[in-house]
Amino acid sequence: MRFLLGLSRAIDVLTEGVGRLVVWLVLLVALLSAGNAILRYGFSYSSNAYLEAQWYMFSLIFLLGGAYALKHNAHVRIDLLYD
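Residues numbered from 1 in each chain as written. Predicted model: local features only at pLDDT ≥ 70, side-chain atom pairs only at ≥ 80, totals over all residues. Heavy atoms only, no water.

1. Looking at the side chain of Glu16
Inference 1: One can find Glu16 in helix 1 (residues 2-43).
Inference 2: Looking at Glu16, the relative accessible area reads 16%, which means it is buried. (Helix = DSSP H or I, 4+ residues; strand = E, 2+ residues; numbered from the N terminus. Buried < 20%, exposed > 50% of the residue type's maximum accessible area, 1.4 Å probe, protein only.)

2. Quick notes on unusual backbone geometry
Inference 1: Within the chain, Ser44 stands out as a residue other than glycine whose phi angle is a positive 55°.
Inference 2: Secondary-structure assignment places Ser44 in the loop between helix 1 and helix 2 (48-71).

3. Regarding the nonpolar core
Nonpolar side chains tend toward joint burial in soluble globular proteins.
Inference 1: Core analysis: the largest hydrophobic core is formed by six residues, namely Val22, Leu25, Val29, Leu32, Met57 and Ile61.
Inference 2: Listing elements by their share of this core, those giving two or more residues are helix 1 and helix 2.
Inference 3: If one sorts the elements of this core by residue count, helix 1 sits on top with four residues.
Inference 4: Setting aside residues no more than four positions away along its own chain, Leu25 makes contact with Met57, Leu60 and Ile61. (Core = buried A, V, L, I, M, F, W, Y, C linked by side-chain atoms within 4.5 Å. Contact = heavy atoms within 4.5 Å.)

This is the structure in structure tokens:
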């Protein structure tokens, strides 16, 4: 039983750490998105690399942030199925 409780605590610590990194990733995606829009509309410069990086980071936010949101009871639920 001690092993399982220790494993549970380790998973909680890992979830917290990854969740805090994901929070910074959200800021980075917002800055990249704004920078991409400024470059595209302000300077008529566009690059697919910026768009792809934005999509990959956006995907990481949802893949890695789900456990953190669920742990803190901030997960989006569909009330019909949840109740």
